[in-house]
Amino acid sequence: MLCLGIEGTAHTVGVGLVDSSGRVLSDASDMHRPAKGGIHPREAANHHSELVAGLIDRVVSVAGIGYGDIDLIAFSQGPGLGPCLRTVATAARALSISLSRPLIGVNHCVAHIEIGRMGNRASDPLMLYASGGNTQVIAYSRGRYRVFGETMDIGVGNMIDKFGIMAGLGFYAGPAVEKLASQGHELLDLPYSVKGMDVSFSGILTAARHHLKKGCRLEDLCFSLQETVFAMLTEVTERALAQADKNEVVLAGGVARNRRLSEMVNIMAEGRGAKVYEPPFRYLVDNGVMIAWNGLLAYGSGQRMSIVDTVINQRYRTDQVDVTWR
Ligand code: ATP
Ligand code: FE2
């Protein structure tokens, strides 16, 4: 079975073609990069609507197939920015109707998790999902992905991106912060905000703004930011491993591209005799492949949707999804 998946919850519109064995036939995406400041939902949606048809055409032709060979259409149903979600849902519905193929709406966060499990042999891992809008520690239990700990305010990636705008690093700032951090050495004072199993980032952002105003070395501030927030994430991941009694960790989401975060989690896991699995770099950030793959899992386990079921959900939570494929 061949699934075409369309992603478009926020900055990136992506299309992927995947078969039920997990083979990726083709994959294309494009990210909206605002000239100044953060993402404006309407502008990002305009970007997606201009590009989505061309990307679909491109993946179909690169895969060397015809439209008639597609068996299933999947799209990102939420969570995300309303205008972006509506644009992509409209494209997916139009394709589904014109090809007379079934349509499946996918939870974006669960898709990040499932692409993390795809192709590796992690049987029942704990997941650290660290992305732009989300920061959650998740484990599967009784038909759902249960959230053990999460951010109480903004996602870790959004915090890094907001910091990047303040520091003039452009959007998005994760890679630039990582590069600068490698040249820093002095640990500046930032609030370490772990509360039980949850974390919080907004206070760190405020403190970082004060350091910037005082004219600290940017390399040292990036270094301190990474050391502080990644230590927080590693701490809650470790505690969740112990509580949930798991011995595997899967990293998911764009922030998991950061080598220092990966290093910290690996050191912690080694100390506990746990194994860390990291999906290919390109599938950590938003992409159509993860949506197609999750669509195949859902459809394969019997899920069906009529057009009325495909209404978008801006606040679609990870733990609302019935994980019928596990
Ligand atoms: P969500 O999945 O919560 O909806 P998102 O889709 O915006 O959020 P992703 O596409 O998974 O998130 O990842 C993008 C985020 O990853 C951005 O915030 C970006 O700054 C961050 N990021 C990318 N590369 C790195 C890196 N090397 N270090 C730290 N952060 C990074
Ligand atoms: Fe994402």
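The notes below deal with the structure included here. Not measured: the values here are computed from a predicted model.

If you tally the helices and strands in the protein, you get 9 helices and 12 strands. Here the C-alpha radius of gyration of the protein, 20 Å, is about what a compact globule of 326 residues would show, namely 20 Å. The long-range share in the protein, meaning contacts at least 24 apart out of those at least 6 apart in sequence, stands at 75%. Counting 32 positive and 32 negative side-chain charges, the protein places the averaged centre of each group 3 Å from the other.

With that out of the way, let us pick up the coordination of the iron ion (ligand 2). The coordination sphere of the iron ion (ligand 2), as far as protein atoms go, consists of His108 (NE2), His112 (NE2) and Asp286 (OD), spread over 2.1 to 2.2 Å. Each donor residue of the iron ion (ligand 2) belongs to the same chain, and together they define the spacing H-x3-H-x173-D. Taken together, the residues His108 in helix H3 (residues 108-117) and Asp286 in the loop between strand E12 (275-277) and helix H9 (288-300) connect sequence positions 178 residues apart. His108 gets classed as buried once you look at its relative accessible area, which sits at 5%. Note on Asp286: relative accessible area 10%, which makes it buried.

Attention shifts here to the site of ligand 1. Taken together, the neighbourhood of ligand 1 is formed by 23 residues, with Tyr129, Ser131, Asn134, Asp161 and Asp286 sitting nearest. Take His112: an N or O atom from its side chain is 3.1 Å from an oxygen atom of ligand 1. Side-chain polar atom of Glu178 to a nitrogen atom of ligand 1: 2.8 Å apart, as the coordinates give it. Here ligand 1 loses 96% of its free accessible area of 640 Å² to cover by the protein chains. If you list the elements that add at least two residues to the shell around ligand 1, you get H3, helix H4 (156-166) and helix H5 (174-181).

Here the focus is the packing of H4 against helix H7 (residues 218-244). Closest axis-to-axis distance for the H4/H7 pair is 12 Å, and the angle between their directions is 170°. Taken together, the axes of H4 and H7 are roughly antiparallel relative to one another. Here Val156, Met159 and Phe163 of H4 lie close against H7, whose contacting residues are Leu218, Leu221, Cys222, Leu225, Val229 and Leu233. Counted by class, the contact of H4 with H7 contains 9 nonpolar, no polar and no charged residues.

Spatial strand order, E8-E7-E6-E11-E12: 5 strands in an open sheet with mixed pairing. The open sheet has two free edges, formed respectively by strand E8 (144-150) and E12, since each of these has just one partner strand. In this sheet, adjacent strand axes meet at a mean angle of 25° when their direction is disregarded. Across 5 bridges, the pairing between strand E6 (residues 126-130) and strand E7 (residues 135-141) is antiparallel. In the sheet register, Met127 faces E7, and the bridge partner there is Ile138.

This brings us to the pattern of salt bridges. Where charged atoms of side chains with opposite charge meet at close range, the side chains can pair. All chains considered together, the criterion is met by 15 salt bridges. Across the pair Asp319 and Arg317 runs a salt bridge, and its minimum N-O distance is 3.1 Å. For Asp319, a relative accessible area of 25% corresponds to the partly exposed category. Judged by its relative accessible area of 33%, Arg317 falls in the partly exposed class. Residues joined in a network through salt bridges with shared partners are Asp124, Lys246 and Arg326.

What counts as what
- Residues numbered from 1 in each chain as written.
- Chains lettered and ligands numbered in written order.
- Predicted model: local features only at pLDDT ≥ 70, side-chain atom pairs only at ≥ 80, totals over all residues.
- Heavy atoms only, no water.
- Helix = DSSP H or I, 4+ residues; strand = E, 2+ residues; numbered from the N terminus.
- Rg over C-alpha atoms; globule rule 2.2 N^0.38 Å.
- Contact = heavy atoms within 4.5 Å.
- Lys, Arg positive; Asp, Glu negative; His and termini not counted.
- Charge placed at Lys NZ, Arg CZ, Asp CG, Glu CD.
- Donors = N, O, S within 2.8 Å, 3.2 Å for Na, K, Ca; no water.
- Buried < 20%, exposed > 50% of the residue type's maximum accessible area, 1.4 Å probe, protein only.
- Near = heavy atom within 4 Å.
- Polar contact = N/O pair within 3.5 Å; in protein donor to acceptor, adjacent residues only side chain to side chain.
- Areas by Shrake-Rupley, 256 points an atom, 1.4 Å probe, with all protein chains shown as cover.
- Axes fitted to C-alpha atoms, helices over the stretch in contact; angles between N-to-C directions.
- Parallel < 35°, antiparallel > 145°, perpendicular 65-115°, else oblique.
- Nonpolar A, V, L, I, M, F, W, Y, C, P; charged D, E, K, R; others polar.
- Pairing = 2+ DSSP bridges.
- Salt bridge = Lys/Arg side-chain N within 4 Å of Asp/Glu carboxyl O.

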